[in-house]
Amino acid sequence: MSQSAPKITKDRTAALELIDFIDASPSPWHAVASAEARLLAHGFTRLEEESRWQLAAGGRYYVVRGGASMIAFVQGSKPIAEAGFRIVGAHTDSPGFRIKPKAALAGDGLARLAVEVYGGPILATFTDRDLSLAGRVVLRTAAGQQTRLLRFERPLLRLPNLAIHMNRDVNEQGLKLNKQTELPLILGQLGENDDAEALLRKLLADAVQADSNHAGSADLLSWELAVYDVQKGCLWGANEEFIASRQLDNLASCYAALTALVETKQPDATCLTALFDHEEVGSESAAGAGSSFITDVLARISAHAKLDEQDRQRAMARSFFISADMAHAYNPNFPNAYEPGHKVSVNGGPVIKTNSNQRYTTNAETSARFIGFCERAGVPYQQYAHRSDLGCGSTIGPIVASQLGVASVDVGSPVWAMHSARESAGVHDHAYMIAALEAAFGS
Ligand SMILES: [Zn+2]
C-alpha cells in the first residue's frame, strides 16, 4: 500500500455501508425491505396496521404501508405530553422509468419495453447504461395472491444513444428525447415466431421462480417494475472523498435517518424515522407524505399512552420535524446556476434549506434549532437558497408540516447531478448528517 492509500475511517465505513444499502435497494419496495432487515437486526418489532398494537415502554417498532413507505419508532422514556415527538422524514422513491402494464413492443426483429417517466429524471443520463428491472409482482399461488419482490441482477435493458453522425448538434443542443417514441428500452432480439409479451412474462416468471416453486407465466397477475442501473456505487476522487451511485436522492437521507434511529438508546422523546414513497410525483397517495400515514401512527402511539385531546395537542406543540432530502451542491463548471452566498460545498456538512415561499419549512427558530444539533454533534453546517429566477424544488417537508402543525426544518446533504442516473455526494457529509440526526433524537 502506498502512503497515500486512503485511511480506513469511520466516515468511509459509513459511506461504504450506504453504498451497500443502495445496492440492495434498486426500487422503493426493495428500500423498505433493506430498511426492515436493518431494523430487525437492531431489535425492532414489526407492527401491522390491521392489528391492535401493544407497545412496551422503551419499545422499538416499525410499520409498513403500501410496500414502499415505512415508519419506525423508539418509545421515549418521558411522558409524550412533556417530551413530544422527534421525527425525521425522507423518501424512498427516486426518479426514473417504470414499465407500463402491457409494456412489450415487437418490431424490426427486436423486443422493446414501453416505459413511463416517473418523476423528473435527467433523461439523457439513462442512455448507454446497464439497465435492469426491480420491483414487485403479485402471483397467484395455492395459498392465494402473494406479493413478491423481484430483481434482475444482470443488465437486461438498454437505451442506446443515437450516433453523433445522425445527431450532429447533440453537443450544442443537448440530448433531447421524446418521452413516448424515443424511450422504449431494448429487451432482446425476436425470432420470426417469438412473441415479445411472452418473452417478458417468461423472464419475470423465471426470476420469481428463483424463490418460489410454483410460478408459471400464467400465475403472474400484475407487477410494478422500476428500471435501475445495475452499476454498484463507488467511492471516487483523489482521496476517495466522494460517493457516486444511483438513488442518492433520497436513499442517502433514508439511510442516515435509519442509522440515527437504530443508534438511539433510551431517548427522552419518542423518536420516529418516516420514509415515504411517491415524493417524486407529489406525495399524494395512500402511503405518501400527503397521506394519513404519519398522523395515524402518531395517533395510535398517543392513544396507547392514553393521552387525552389536551395532552395530545401539548405533545404536538412540543414536537419537531426534520425533513431530510438532498441539497444542490455547488458545481464550479456552472457558477451562474447558484445564488451568491449560498454555494454549498460537498463535504461541507448538512445543508439547511430556506425558501420564504414555503417550498421548504425552515424558519429562523427551526434553523437555529438544527444549528444547535450540528454544534452538539461537532459537525459543520451550511445554508442554501435557490436563485430567485429559477423555480425552487420542494419535498415532503411542507406537506408533513402542514398536516402535523409542528415546528419543522428542511435539511439535506449536498449532491451533484440531482436526478441523474448516477449522482455524487460527499463521504464526510453522510457521516455528518448521521451525527446531526442522532443529536436531534437526543441520544
Ligand atoms: Zn429528493
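That block above? That's the structure.
All figures in this text were calculated on a predicted structure; none of them were measured in a lab.

S.K.: Help me understand the overall build of the chain, please; the structure alone is not making it clear to me.
M.R.: When helices and strands are counted, the chain shows 11 helices and 20 strands. By the compact-globule yardstick of 22 Å for 443 residues, the chain fits well, its C-alpha radius of gyration being 23 Å. Dimensions of the chain, computed from the C-alpha atoms along their principal axes, are close to 70 × 60 × 50 Å. Every one of the 443 residues in the chain was classed for burial, and the buried ones make up 53%. Long-range pairs, those at least 24 residues apart, make up 76% of the contacts in the chain between residues at least 6 apart in sequence. Summed over its atoms, the accessible surface of the chain is roughly 19800 Å², and 49% of this surface lies on carbon and sulfur atoms. Here the chain holds 41 positive side-chain charges and 49 negative ones, and the gap between their average locations is 3 Å.

S.K.: Would you mind showing me how to read empty space enclosed by the protein here?
M.R.: To find leftover empty space, one rolls a probe the size of a water molecule over the atoms. Counting across every chain of the model gives 2 cavities of 30 Å³ or more. Size it by volume and the largest cavity reaches roughly 200 Å³. Lining of the largest cavity is provided by 20 residues; of these, S94, P95, F126, V227 and Q247 occupy positions nearest its centre. Secondary-structure elements contributing two or more residues to the lining of the largest cavity are β5 (96-107) and β10 (220-229). Looking at side-chain class alone, the lining of the largest cavity contains 9 nonpolar, 6 polar and 5 charged residues. The space that makes up the second largest cavity amounts to roughly 50 Å³.

S.K.: I tried to follow the sheet that holds strand β20 (residues 423-426) on my own but got confused; where do I start?
M.R.: Strands belonging to one sheet form pairs held by backbone hydrogen bonds; the direction of such a pair is parallel or antiparallel. With respect to topology, 5 strands assemble into an open sheet ordered β11-β12-β20-β19-β15, the strand pairing being mixed. Pairing within the sheet leaves two strands with one partner each, and these edge strands are β11 (234-236) and β15 (327-328). The pairing of strand β19 (residues 414-416) with β20 spans 2 bridges and is antiparallel. Residue pairing in the sheet places V415 in a bridge with A425 of β20.

S.K.: Looking at this structure, how should I read the nonpolar core?
M.R.: Generally speaking, soluble globular proteins have nonpolar side chains that are buried together. Of all hydrophobic cores here, the largest spans 56 residues; its most connected members are I322 and F370. If one sorts the elements of this core by residue count, helix α6 (residues 248-262) sits on top with 11 residues. Within the second largest apolar cluster, 35 residues are counted, among which are V115, L123, L159 and V208.

S.K.: In this structure, what is going on with the packing of aromatic side chains? I would like to understand it.
M.R.: Where two aromatic rings form a pair, the distance of their centres and the angle of their planes describe that pair. Applying the stated criterion across every chain, the model contains 10 aromatic pairs. Ring plane angle 65° and centroid distance 5.9 Å describe the contact between F320 and F373, whose orientation is recorded as edge-to-face. Of this pair, F320 sits in strand β14 (residues 320-324) while F373 sits in helix α9 (residues 364-377), and the two are 53 residues apart along the sequence. Given a relative accessible area of 2%, F320 falls into the buried group. Ring plane angle 65° and centroid distance 4.9 Å describe the contact between Y330 and Y338, whose orientation is recorded as edge-to-face. Each member of the aromatic cluster is reached from another via a ring pair, and the members are W53, Y61 and F73. It is R300 that lies over the ring of W53; its NZ or CZ is 4.3 Å from the centre. Its end group placed over the ring of F320, R369 keeps NZ or CZ at 4.2 Å from the ring centre.

S.K.: What is the right way to read helix α10 (residues 396-404) from this model?
M.R.: One turn of the α-helix equals 3.6 residues, which is why residues spaced by three or four share an orientation. Along α10, the residues classified as buried are I396, G397, P398, V400, A401 and L404. Among the structural elements, β4 (85-91), β13 (270-276), α7 (293-304), α8 (309-317), β14 and β18 (407-412) are those in contact with the buried residues of α10. Positive phi shows up at G405, right after α10, with a value of about 70°.

What counts, and where the lines are drawn
Residues numbered from 1 in each chain as written. Predicted model: local features only at pLDDT ≥ 70, side-chain atom pairs only at ≥ 80, totals over all residues. Heavy atoms only, no water. Helix = DSSP H or I, 4+ residues; strand = E, 2+ residues; numbered from the N terminus. Rg over C-alpha atoms; globule rule 2.2 N^0.38 Å. Buried < 20%, exposed > 50% of the residue type's maximum accessible area, 1.4 Å probe, protein only. Contact = heavy atoms within 4.5 Å. Areas by Shrake-Rupley, 256 points an atom, 1.4 Å probe, with all protein chains shown as cover. Lys, Arg positive; Asp, Glu negative; His and termini not counted. Charge placed at Lys NZ, Arg CZ, Asp CG, Glu CD. 1 Å grid on protein atoms, 1.4 Å probe; cavity = no way out; pocket = protein on both sides within 12 Å on 5 of 7 lines; lining within 4 Å. Points joined across faces, edges and corners; volume = space filled by probe spheres on them. Nonpolar A, V, L, I, M, F, W, Y, C, P; charged D, E, K, R; others polar. Pairing = 2+ DSSP bridges. Core = buried A, V, L, I, M, F, W, Y, C linked by side-chain atoms within 4.5 Å. Phe/Tyr/Trp six-rings, centres within 6.5 Å; stacked < 30°, edge-to-face > 60°. Lys NZ or Arg CZ within 6 Å of the ring centre and 35° of its normal.

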